[in-house]
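Each chain, written out:
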Amino acid sequence: MTWRNPSRNTGLRRPLAGGSGAFLLTYRLFREPMRNTRMSASRRKILVTSALPYANGPIHIGHLVEYIQTDIWVRFQKLRGHDCLYVCADDAHGTPIMLRAQQEGITPEVLIDRIGLEHRADFAAFGIEFDNYHSTHSEENRECAELIYTRLRDAGH
């Protein structure tokens, strides 16, 4: 036997026996705020990123939790009709990278390239899709950072 809440046309059901208010509380907290999730009247431009993984070691479960959650949110925004871009990069600068490369007897650039490929493979294995994934060591990043700095400097900041 199932119970149906007659005050809402949700189609959600729960067993009568052993039921508690937890279902309804969970429903109200997580379902009701998302009622208006259909295509939005106005199309928004949203830029999203996650914490940059350091390019001196593998992705771990703590990283993956954030990337999976962010990927879900970005997909949701795209389903709502928004222009949503998910960008990220390997953080390829710092002493730990130089030390690890030195320890392995390779250049930091070789380490960065190898770890970057490993990171991309890990993300692909978990179905995480970035619209743009790069490295802070890339020429593209250098040009963008330089452009932002120059414009801010020239504007007196």
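(A) Inspection of the pattern of salt bridges at higher detail. Inspection of the entire model under this criterion finds ten salt bridges. Put simply, Arg100 and Glu104 hold a salt bridge, and the shortest N to O gap is 2.7 Å. Residue Arg100 and its partner Glu104 are both found in helix H3 (residues 95-104); the two are separated by four residues, about one turn of the helix. By relative accessible area, which is 32% here, Glu104 ends up partly exposed. As a salt-bridge pair, Glu118 and Arg114 come within 3.5 Å of each other at their nearest N and O atoms. Remark: Arg114 and Glu118 occur in helix H4 (residues 108-125); sequence separation between them is four residues, near one turn of the helix. We classify Arg114 as partly exposed; its relative accessible area is 30%. Salt bridges sharing common partners tie together Arg100, Glu104, Arg114 and Glu118.

(B) Spotlight on the pairing of strand E4 (residues 83-90). The pairing of strand E3 (residues 45-49) with E4 spans five bridges and is parallel. Paired with Lys45 across the strands is Asp83, a residue of E4. Taking the sense of rotation as the criterion, the β-α-β connection linking E3, helix H2 (residues 61-79) and E4 turns out right-handed. In this structure, E4 lies alongside strand E5 (residues 132-135), joined through four bridges in parallel fashion. Across the sheet, the residue bridging to Val87 is Asn132, located in E5.

(C) Broad picture of H4. Taking 1.5 Å of rise per residue, the 18 residues of H4 would be expected to cover 26 Å, and the 26 Å separating its terminal C-alpha atoms lies within 8% of that figure. Contact partners of the buried residues in H4: H2, E4, H3 and E5. One or two steps after H4, the chain reaches Gly127, where phi turns positive at roughly 70 degrees.

(D) Up close: a nonpolar patch on the surface. Taken together, the side chains of Ile68, Ile72 and Phe126 make up a nonpolar region of the molecular surface, amounting to roughly 280 Å² of accessible area. Mapped onto the elements, Ile72 comes out in helix H2.

(E) The nonpolar core, seen in detail. Within the largest apolar cluster, 13 residues are counted, with the highest numbers of intra-cluster contacts made by Val48, Tyr67, Tyr86, Phe123, Ile128 and Phe130. Membership of the second largest hydrophobic core comes to seven residues, among which are Ala55, Ile97, Ile112 and Ile115.

(F) Layout of the sheet that holds E5. A sheet is described by the order of its strands in space; here three strands give the open sequence E3-E4-E5, paired in parallel fashion. A single partner strand is all that each edge strand has here, and the edge strands are E3 and E5. For this sheet, the mean angle separating the axes of adjacent strands, direction not counted, is 25 degrees. Those strands touched by H4 are E4 and E5, and its axis lies near 155 degrees from that of E5.

(G) Spatial organisation of the side chain of His119. In this fold, His119 is placed in helix H4. With relative accessibility at 0%, the residue His119 sits in the buried group. Not counting chain neighbours up to four residues away, the residues in contact with His119 comprise Pro53, Tyr54, Ala55, Gly57, Pro58, Ile59, Asp90 and Tyr133.

So, how was this worked out
- Residues numbered from 1 in each chain as written.
- Predicted model: local features only at pLDDT ≥ 70, side-chain atom pairs only at ≥ 80, totals over all residues.
- Heavy atoms only, no water.
- Salt bridge = Lys/Arg side-chain N within 4 Å of Asp/Glu carboxyl O.
- Helix = DSSP H or I, 4+ residues; strand = E, 2+ residues; numbered from the N terminus.
- Buried < 20%, exposed > 50% of the residue type's maximum accessible area, 1.4 Å probe, protein only.
- Pairing = 2+ DSSP bridges.
- Right-handed = clockwise from strand over helix to strand, strands pointing away.
- Expected span 1.5 Å × (residues − 1).
- Contact = heavy atoms within 4.5 Å.
- Patch = residues over 30% accessible without salt bridge, like charges linked within 9 Å, V, L, I, M, F, W, Y side chains within 5 Å.
- Areas by Shrake-Rupley, 256 points an atom, 1.4 Å probe, with all protein chains shown as cover.
- Core = buried A, V, L, I, M, F, W, Y, C linked by side-chain atoms within 4.5 Å.
- Axes fitted to C-alpha atoms, helices over the stretch in contact; angles between N-to-C directions.

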